[in-house]
Amino acid sequence: MAEEPRGSWFGFGFCGFGQALGSGRGRQVHSPEPLRTPGAGADVRRVSASWSYTAVVTRGGQVQLSGAADGAAGGCRDAWASEALLVVLRAGRGLGPGPELQAWAPGSALRGEPLWTHTLVPEAEGADGAGGEAQAGALPLLPGARAYVSPRPPFYRPLAPELRARRLELGAEHALLLDEAGQVFSWGQGRHGQLGHGTLEAQPEPRLLEALQGLPMAEVAAGGWHSVCVSETGDIYIWGWNESGQLALPTRSLSEDGKTVAREGEASGLNEGGPEVRRTAGGEEGAPAPFIALQPFPALLDLPGGADAVKASCGSRHTAVVTRTGELYTWGWGKYGQLGHKGTTSLDRPRRVEYFVDKQLQVRAVSCGLWNTYVCAVERGES
Amino acid sequence: MAEDNREPPAGAGTLREALRALLPHRKEELVPELGEKVERSVVQLLWEAAELFCGGHRSECLQASEAILDYSWEKLNTGPWQDVHKDWRRVYAFGCLLKAVCLFEEPGDSAAVAAALKACDMGLLMGAAIHGDILIKVAAVLQAHLPSAKRPGPGLAEEQPSMKKARDDCVSVPDVASERLVPRLRCPSLQHFRKQFLVPGRPVILEGVADQWPCMTKWSLEYIQDIAGCRTVPVEVGSRYTDEDWSQTLMTVNEFISRYVRSESKDVGYLAQHQLFDQIPELKRDISIPDYCCLGDGEEEEITINAWFGPQGTVSPLHQDPQQNFLVQVIGRKYIRLYSPQESEALYPHETHLLHNTSQVDVENPEREKFPRFAEAPFLSCVLSPGEVLFIPARYWHYVRALDLSFSVSFWWS
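Residues numbered from 1 in each chain as written. Chains lettered and ligands numbered in written order. Predicted model: local features only at pLDDT ≥ 70, side-chain atom pairs only at ≥ 80, totals over all residues. Heavy atoms only, no water.

A short note on the overall build of chain B
For the record, the criterion: The way it works is that DSSP assigns letters per residue, a run of H or I at least four long becomes a helix, a run of E at least two long becomes a strand, and they are numbered from the N terminus. The cut-offs for exposure are 20% and 50% of the maximum accessible area for each residue type, with area from a 1.4 Å probe on protein chains only; residues under the lower value are buried, those over the upper are exposed, and the others partly exposed. Contacts: residue pairs with any heavy atoms within 4.5 Å of one another.
When helices and strands are tallied, chain B shows 13 helices and 13 strands. For chain B, the proportion of its 414 residues judged to be buried stands at 51%. In chain B, the share of contacts with a sequence separation of at least 24, taken over all contacts with a separation of at least 6, comes to 78%.

Given below as structure tokens:
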């Protein structure tokens, strides 16, 4: 798997607790702003944002918090932020040589003692052992992929070893797992169709997404009640709840508010050819598409101009995707500016974030908090 | 927005004063008591919002209350509804309360008052009671200050439909005479009802019990719109809740009546199974609790009272409920079919957990090959008319179709 991309980080969306994007109460940022990380030249390795605070992990091993939780600590390889817990992976501080997993109360400012710790077995040289430096950004999946961390007890959750997890993402009430072979598994609550098995029934144990069998996936991302995955060939599959258009399918709430951006064929300020969204059965080209509240099966989503996707991340009700050519598309709930289109309109179709195009920046990675979005980008022309 | 006569300052001030008088004055009293389920960051935001409110920073308080609402809304939608911790519903109600009270920038702005009323209703529908049902009181104050909003909205200039408006499509009134009828009794004694119907679990129609209730003479479309027109309620859209294209949505009572009652809508809309009388206590004065409920074990406060209000043609598929039910008919007639719990197997209940109390059979159009035993299952039926009360014993299967524009009130008791 590729190294964490180097570049500058930007953020937009909700920052009502004064986290990384801005300061002051109830503030929102509607257009990307550069992240000001303390310490000149601190190269950000990972950004993990919860609702009220953001955790930034640098290559120097510092984790820095901003927002309702603040503080900093060293010796950190990875961090994962949630409202209930801040989970940190620290280089061997415990009794054994292996890294130590620590769960802190966000309000503790990383001082005193963590709520609980778990010493991990030192990793054997795995397929992804790139010079011994563990892949950051794997949390909540633990190194060794034998278990993952949950913000609700039990915090330490083993995974069946035959799952060979490569990546794990948690939604509000479900989990997605990507394995070494590119297969996707899901489990948890299913009432919003977020599991993708075609029903609304809950699933207690990881279950393979049969609809995607044989299509190797490169990325998975979980939103509050929706799921996204990106195939190795750059296709996007999406399913779950569409109440704010987060599946890029027509949603009733946006049409009734009269706030939908013009649909196919109608005048739009965008240069690309009209966005195409392939729907599941029903809704031929040209016929008015029915509103879709729930999508319990994966649906293929085309970006404008047939762009290939490489990365995806989801907030509670919005979706962000990075293309192979370094563009960022966002859609879904936009009330707090988390879509980055200079407003608070929600969208039920993908739209390019023009800021990065205007500034000649190539987007490399995206990481969404619940109501905000963080983006890593480099100047065009840099490798 | 049309420029109507500017409200005299006294009018606007009165509204704000009336609202302030309802709320606790000190921020310590304003924030509700909450347990540890609610995260520290949320509590921090609640205190901030309360401080902003007490400090008179209305628009900043409004921003904070929106964030409170949006975050607690996500909690309300996480996991099964019955597992949602009550504290999150309290937080949601608190957000609605602050939003409602903060919404006036311009005095006399009826759009703002309507939005504030909607915020109250959202808090009543999804939140949990805080500060002694303060949302109901705030809603009452707001409603009283709505300038002429009680008048129905546009599109209702058509002539009033008669209470028994017929639709273009089939108006099948079943030939009830050929079916076994639910027995009728006039004002039976408590003992008689108990011995002959409650204990053995037998349905009966009670006459003379509710026919003098105020609702029987007072309720009409105009009256309902007058009292509750601008209130937001849940509406079911779609022929029946077992259909794929069935959905639930929120709208004001005025919108519901305009879209689904007065006009020929392609879809069926049904204001069904909603505790309207908790939301709008003024309507509760027009009904009573049937005396026979005292024969049960529960307290009077535990009785669930639901409103069922909709156009001709609404259907509740054959299903069973766990409690005893008195179904009081107020406006219009309903065709009702009843099957004993002993016949359950012949009714082919759904196998999923979600619908296991619902039959797969379409009662008035059954698929005989698919459900062969259904045709032979014995049943009772009736046409329930205004003033009549149908006793549906607990777990008794029932199917209901409205023959006219209909308003029923159900009492679920144990």
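Observations concerning the domain arrangement of chain A
All names here are of chain A. Test applied: Residue ranges assigned to the domains are those given by an automatic or database domain assignment. Buried area: the accessible surface (1.4 Å probe) lost by two parts on joining, summed over both. Should a side-chain nitrogen of Lys or Arg be within 4 Å of a carboxyl oxygen of Asp or Glu, the pair is scored as a salt bridge. Counting of polar contacts relies on pairs of N or O atoms within 3.5 Å, with two restrictions inside protein: one atom must be capable of donating a hydrogen and the other of accepting it, and residues adjacent in sequence are counted only when both atoms are side-chain atoms. Gly is put with the polar residues, along with every residue not named as nonpolar or charged; the nonpolar set is Ala, Val, Leu, Ile, Met, Phe, Trp, Tyr, Cys and Pro, and the charged set is Asp, Glu, Lys and Arg.
Parsing chain A into structural domains produces domain 1 (3-7 + 162-260 + 288-383) and domain 2 (37-158). Contact with domain 1, which involves 20 residues of that partner, is made by 21 residues of domain 2. In total, about 1,700 Å² of surface goes out of reach between domain 1 and domain 2, with carbon and sulfur atoms giving 51% of it. Viewed at the interface, domain 2 and domain 1 are joined by zero salt bridges. Put simply, domain 1 and domain 2 have four residue pairs in polar contact (both at pLDDT 80 or more) between them. Contributing elements (two or more residues each) for the side of domain 1 that touches domain 2: strand E13 (165-170), strand E25 (361-368) and strand E26 (372-379). Of all the elements, E13 adds the most residues to the side of domain 1 that touches domain 2, at five residues. A class-by-class count of the residues in the side of domain 1 that touches domain 2 yields 10 nonpolar, four polar and six charged.

A word on helix H3 (residues 40-54) of chain B
To be explicit about the condition: Here, expected helix span is obtained from the residue count minus one, scaled by 1.5 Å.
For H3 of chain B, built from 15 residues, the straight-helix expectation of 21 Å at 1.5 Å per residue is met to within 8% by its first-to-last C-alpha distance of 21 Å. Turning to H3 of chain B, its buried residues are Ser41, Val42, Leu45, Leu46, Glu48, Ala49, Ala50, Leu52 and Phe53 of chain B.

Comments concerning the packing of helix H5 (residues 86-102) of chain B against helix H6 (residues 110-126) of chain B
Residue and element names in this part refer to chain B. Basically, it comes down to this: Angular values range over 0 to 180 degrees, each being the angle between N-to-C directions of two axes fitted as lines to C-alpha atoms, with helices fitted over their stretch in contact. Each angle gets one of four labels, with under 35 degrees taken as roughly parallel, over 145 as roughly antiparallel, 65 to 115 as roughly perpendicular, and the rest as oblique.
Where H5 meets H6, the axes come as close as 8 Å, and the angle between the chain directions of the two elements is 170°. Taken as axis vectors, H5 and H6 run roughly antiparallel relative to one another. Note on element contacts: H6 touches H5 through Ala116, Ala119, Cys120, Met122, Gly123 and Met126, opposite Arg89, Tyr92, Cys96, Lys99 and Ala100. Residues of the contact of H5 with H6, tallied by class, amount to eight nonpolar, one polar and two charged.

Brief notes about helix H11 (residues 253-262) of chain B
Residues and elements named next belong to chain B. With seven of 10 residues buried, H11 lies mostly within the body of the structure. Where H11 is concerned, the buried positions are Val253, Asn254, Phe256, Ile257, Tyr260, Val261 and Arg262. The elements touched by buried residues of H11 are helix H10 (221-228), strand E3 (232-237), strand E4 (247-252), strand E5 (269-274) and strand E6 (304-310).

Focus on the sheet that holds strand E9 (residues 100-104) of chain A
Residues and elements named next belong to chain A. Note the threshold: Only strands that DSSP links by at least two bridges are regarded as paired with each other.
Read from one edge of the open sheet, four strands run E7-E8-E9-E10, paired in antiparallel fashion. Bordering the open sheet on either side are strand E7 (76-81) and strand E10 (116-119), each of which pairs with just one other strand. Recorded for the sheet is a direction-independent mean angle of 15° between the axes of neighbouring strands. As paired elements, E9 and E10 share four bridges and run antiparallel to each other. By the bridge assignment for E10, Ala103 is matched with Trp116.

A look at the environment of Tyr237 of chain A
Residues and elements named next belong to chain A. Position of Tyr237 among the secondary structure elements: in strand E19 (residues 236-241). For the pair Tyr237 and Gly13, spaced 224 residues apart in the sequence, the C-alpha separation amounts to 25 Å. Those residues in contact with Tyr237 that lie beyond four places of it in its chain are Leu212, Leu215, Met217, Ser227, Val228, Cys229, Ser231, Pro298, Ala299 and Leu300.

Side note on the interface of chain B and chain A
Each partner contributes residues to the interface: chain B has 21 residues there, and chain A has 26 residues. Put simply, chain B and chain A have two salt bridges between them. With a closest N to O distance of 2.7 Å, Glu66 of chain B and Lys335 of chain A form a salt bridge. The element that contributes the greatest number of residues to the side of chain B that touches chain A is helix H4 (residues 58-76) of chain B, accounting for eight residues. For the side of chain B that touches chain A, the residue count by class is seven nonpolar, seven polar and seven charged.

So, the pairing of strand E17 (residues 217-222) of chain A
All names here are of chain A. With five of six residues buried, E17 is to be regarded as a mostly interior element. Sheet topology note: the E17/strand E18 (residues 226-231) ladder contains five bridges and is antiparallel. Within E18, the position partnered with Met217 by the bridge is Ser231.

As for the sheet that holds strand E22 (residues 318-323) of chain A
Residue and element names in this part refer to chain A. Taken together, the four strands give an open sheet; going across it, the order is E21-E22-E23-E24, and neighbouring strands pair in antiparallel fashion. Among the strands making up the open sheet, the edge pair consists of strand E21 (309-314) and strand E24 (347-352). The average angle at which neighbouring strand axes cross in this sheet is 15°, direction not considered.

Describing the UniProt feature "repeat: RCC" (unreviewed entry) in chain A
Residue and element names in this part refer to chain A. So the rule is basically this: UniProt positions are given in the numbering used here, feature names are shortened, and annotations may be inferred rather than shown by experiment.
The positions UniProt marks with the feature "repeat: RCC" (unreviewed entry) are residues 182-233, 234-325 and 326-379. As annotated, residues 182-233 comprises 0% helix and 44% strand, and the C-alpha atoms at either end are separated by 12 Å. For the annotated span residues 326-379, helix accounts for 9% and strand for 50% of the residues, and the straight-line distance between the end C-alpha atoms is 10 Å.

Examining the packing of aromatic side chains
All names here are of chain A. Operational definition: Each aromatic pair joins two rings of Phe, Tyr and Trp (for Trp, the six-membered one) with centres within 6.5 Å, and gets the label stacked for planes under 30 degrees apart, edge-to-face for over 60, and tilted for any other angle.
Applying the stated criterion across every chain yields a total of 37 aromatic pairs over all chains. Here Phe14 and Trp51 contribute two aromatic rings whose centre-to-centre distance is 6.0 Å and whose plane-to-plane angle is 10°, an arrangement assigned as stacked. Taken together, the positions of Phe14 in strand E1 (residues 8-14) and Trp51 in the loop between strand E3 (44-49) and strand E4 (53-58) put the pair 37 residues apart, joining distant regions of the chain. Residue Phe14 is classed as buried on the basis of its relative accessible area, which comes to 3%.

Thoughts on the domain arrangement of chain B
All names here are of chain B. The domain architecture assigned to chain B consists of domain 1 (15-144) and domain 2 (184-413). Across the boundary between the two partners, domain 1 contributes nine residues, which contact 12 residues of domain 2. Of the roughly 810 Å² buried where domain 1 meets domain 2, counting both sides, 61% is carbon and sulfur surface. When the buried area of domain 1 at its contact with domain 2 is split by residue, Asp121, Leu125 and Gln143 rank highest and sum to 56% of it. Where domain 1 packs against domain 2, one counts one salt bridge. Note that Asp121 is salt-bridged to Arg231, the shortest N-O span being 2.6 Å. Across the contact surface, domain 1 and domain 2 share five residue pairs in polar contact (both at pLDDT 80 or more).

Considering the environment of Leu370 of chain A
Residues and elements named next belong to chain A. Take Leu370: it is sitting in the loop between E25 and E26. Of the residues examined, Leu370 reaches a relative accessible area of 27% and is grouped as partly exposed. The sequence separation of Leu370 and His318 amounts to 52 residues, and the corresponding C-alpha distance is 8.5 Å.

Things to note about the state of the cysteines
All names here are of chain B. We apply this condition: Cysteine sulfur atoms that pair up within 2.5 Å are treated as a disulfide.
Scanning all chains against the criterion turns up zero disulfides over all chains. Between Cys293, a cysteine without a disulfide, and Cys294, which holds the nearest cysteine sulfur, the sulfur-to-sulfur distance is 8.0 Å. Residue classification places Cys293 among the buried positions, given a relative accessible area of 7%.

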